[in-house]
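Descriptive analysis of the structure
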Amino acid sequence: PQVLGPLDVEMAAIIEDDLKAKGVNVVTGDGIQEFMPFNGNEHGDDPSTVVKLKSGKLLPPAQITILGMGVKPDTKVVAEAGIECTPRGHIVVNDYLQTNKASVWAAGDAIEVLNPIVGNGDKWAVPLAGPANRQGRMIADNIFGDGKKMRKFKGTYAASVVRVFELIGACVGMNEKMLSAKQLPFASVHVHPGSHAGYFPGAKSVNFKLLFHPTTGQIWGAQAVGEEGVDKRIDVISTAMQGNLTVEDLADLELCYAPPVGSAKDPVNIAGMAATNVIEGLVEQVDWKELKRAASLPGVVILDVRNPGEIEKSGPLIEGCHVKTINIPLDNLRARVGEIPADTERIIVSCASGQRAYYACRILMQTQSAKVENLSGAFKTFSRVSERV
């Protein structure tokens with residue numbers, strides 16, 4: 001259970017935490033049972049209602065309740081007219097947005113479209129205004145084009161964005177739930193660079209997740225959350241996906257740079273570099289969902305390469321009576337590598353955001369016989385969702 005279903009849980013958790021910090025009572029994993037009249041006013045004229053949840057919990061009385069419960073196509077009249085619809089009610093159209101009735105065309109939230117990310121004729125329903133607007137223009141061209149040049153709709157990549165208080169959340173393509181449902185192989189990287197050069201004041205963290213095929217590097221999708229520079233990075237990924245670029249291509253993209261607006265290595269470049277490192281075998285990763293289980297196994301050491309002051313301020317990565325954790329700052333690692341027990345079979349390395357842990361992994365891979373792995377997203381990702389696993 002989470003807010004913002006299009007995002008994976010660790011990305012949505014950033015927005016959920018901010019909502020709670022702003023005083024919003026966030027309830028997940030529950031549902032509405034009924035709306036009840038509020039009888040708290042002694043005169044009985046208070047128009048407020050109380051929402052009773054399926055768990056039995058009562059929400060505070062409110063005079064306005066807004067329901068945003070997803071999108072279901074209202075196509076009963078269309079189906080009754082003999083126009084083909086899917087079992088879920090979406091209108092079936094061809095490449096030119098024509099229905100099975102030659103003189104009837106359809107666009108927008110109610111139609112099913114091609115999923116060009118998966119290919120092979122795979123389809124999905126994507127209720128977004130951008131694709132719907134372009135579909136309308138395309139239908140007009142096809143109707144009035146005298147058949148000289150029919151325009152094909154190539155499908156939708158599901159690029160979307162939302163603002164929640166000061167945070168922006170954006171995504172494109174497929175998330176982990178979608179990829180798992182279709183049994184598509186995937187890997188992911190989490191990076192947390194700044195929205196622009198760190199030495200120029202005002203940079204904000206861009207929490208960025210890139211999903212890709214673990215061998216071919218095909219980009220499955222991306223998600224980003226932050227206060228600044230989020231939407232333009234997802235726009236770049238969307239464009240890259242439509243141009244069939246791979247994660248290796250992302251590492252080499254030439255993007256605008258000036259200290260107030262970007263970095264010499266843009267967050268998109270950094271994500272592409274991190275993904276390429278994984279594909280080329282320069283580092284192995286442990287997903288945040290696996291850390292607690294892995295940390296409790298015999299022979300496993302969790303190596304935190306943050307500085308002691310960072311740990312004192314932000315807290316330890318993971319605790320437990322069966323967890324072996326060692327703190328050796330990256331700058332001291334070569335000199336203190338002997339502090340890692342000789343019988344260690346597996347070393348999981350973490351830092352604040354992932355970059356120092358990668359450097360540590362490369363050092364350890366040259367000196368240790370134990371298996372060495374980098375915690376994807378490091379402390380910054382795991383700390384937000386550690387209670388969810």
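As a reminder, the structure under discussion sits directly above these lines.
In short, a report on the structure. (Residues numbered from 1 in each chain as written. Predicted model: local features only at pLDDT ≥ 70, side-chain atom pairs only at ≥ 80, totals over all residues. Heavy atoms only, no water.)

**Some details on the overall build of the protein chain**
For clarity, the cut-off: Runs of E in the DSSP output that reach at least two residues are strands. Runs of H or I that reach at least four are helices, and both are numbered from the N terminus. The buried label goes to any residue with under 20% of its type's maximum accessible area, the exposed label to any with over 50%, and the partly exposed label to all in between, with areas taken from a 1.4 Å probe on protein chains only. Residues count as neighbours in contact if any of their non-hydrogen atoms are within 4.5 Å of one another. For every accessible area listed, the method is Shrake-Rupley and the probe measures 1.4 Å; residues are considered covered only by the protein chains on display. By the counting rule applied here, Lys and Arg register as positive and Asp and Glu as negative, while His and the ends of each chain are not counted. Where a charge lies is defined by one atom per residue type, namely NZ (Lys), CZ (Arg), CG (Asp) and CD (Glu).
Check the secondary structure of the protein chain and you find twelve helices and 15 strands. For the protein chain, the spread of C-alpha atoms along the principal axes amounts to about 75 × 70 × 45 Å. The 389 residues of the protein chain split such that 42% are buried. Looking at the protein chain alone, contacts between residues at least 24 apart form 58% of all its contacts between residues at least 6 apart. Surface summary for the protein chain: the accessible area is close to 20,600 Å², and the carbon and sulfur share equals 52%. The distance from the centre of the 40 positive side-chain charges to the centre of the 44 negative ones in the protein chain is 3 Å.

**Details of the environment of M174**
Secondary-structure assignment places M174 in the loop between β7 (167-173) and α4 (176-181). Sequence separation between M174 and V164 is ten residues; the distance between their C-alpha atoms is 21 Å. Non-local contacts of M174, meaning those with residues more than four positions away in its chain, are made with N115, I117, V118, W124, L179, K182, L184, L211, W220 and G221.

**Focus on the packing of helix α1 (residues 9-21) against helix α12 (residues 378-385)**
Which entries qualify depends on this criterion: Axes here refer to lines fitted to C-alpha atoms; in helices the fit is confined to the stretch in contact. Angles between the N-to-C directions go from 0 to 180 degrees. Put simply, angles under 35 degrees are roughly parallel, angles over 145 are roughly antiparallel, angles from 65 to 115 are roughly perpendicular, and the rest are oblique. In this classification, Asp, Glu, Lys and Arg are treated as charged, Ala, Val, Leu, Ile, Met, Phe, Trp, Tyr, Cys and Pro as nonpolar, and every other residue, Gly included, as polar.
α12 packs onto α1 with a crossing angle of 70° between their chain directions and a minimal axis gap of 9 Å. Comparing the axis directions of α1 and α12 gives the class roughly perpendicular. Mapping the contact onto sequence places V9, E10, A13, I14 and D17 in α1 and T381, R384 and V385 in α12. Split into classes, the residues belonging to the contact of α1 with α12 amount to four nonpolar, one polar and three charged.

**A word on the packing of aromatic side chains**
Put simply, the test is: Ring geometry is summarised as follows: Phe, Tyr and Trp rings, the Trp one being its six-membered ring, pair when their centres sit within 6.5 Å, and such pairs are stacked at plane angles under 30 degrees, edge-to-face over 60 and tilted between the two. Throughout this description, the term charge over a ring refers to an Arg CZ or Lys NZ atom that lies within 6 Å of the ring centre and within 35 degrees of the ring normal.
With the rule as written, the count across this model stands at one aromatic pair. With a centroid separation of 6.1 Å and an interplanar angle of 55°, the aromatic rings of Y358 and Y359 are classed as tilted. The class of Y358 is buried, set by a relative accessible area of 19%. When the ring centre of F379 is taken as origin, the NZ or CZ atom of R306, which lies over that ring, is 4.2 Å away.

**With respect to unusual backbone geometry**
Positive phi, normally seen in glycine, also occurs at L97, with a value near 70°. By the secondary structure assignment, L97 is in the loop between β3 (91-92) and β4 (111-114). You can call L97 buried: its relative accessible area is 1%. Its identity as a non-glycine residue notwithstanding, A378 has a phi of 55°, on the positive side. Within the fold, A378 resides in helix α12.

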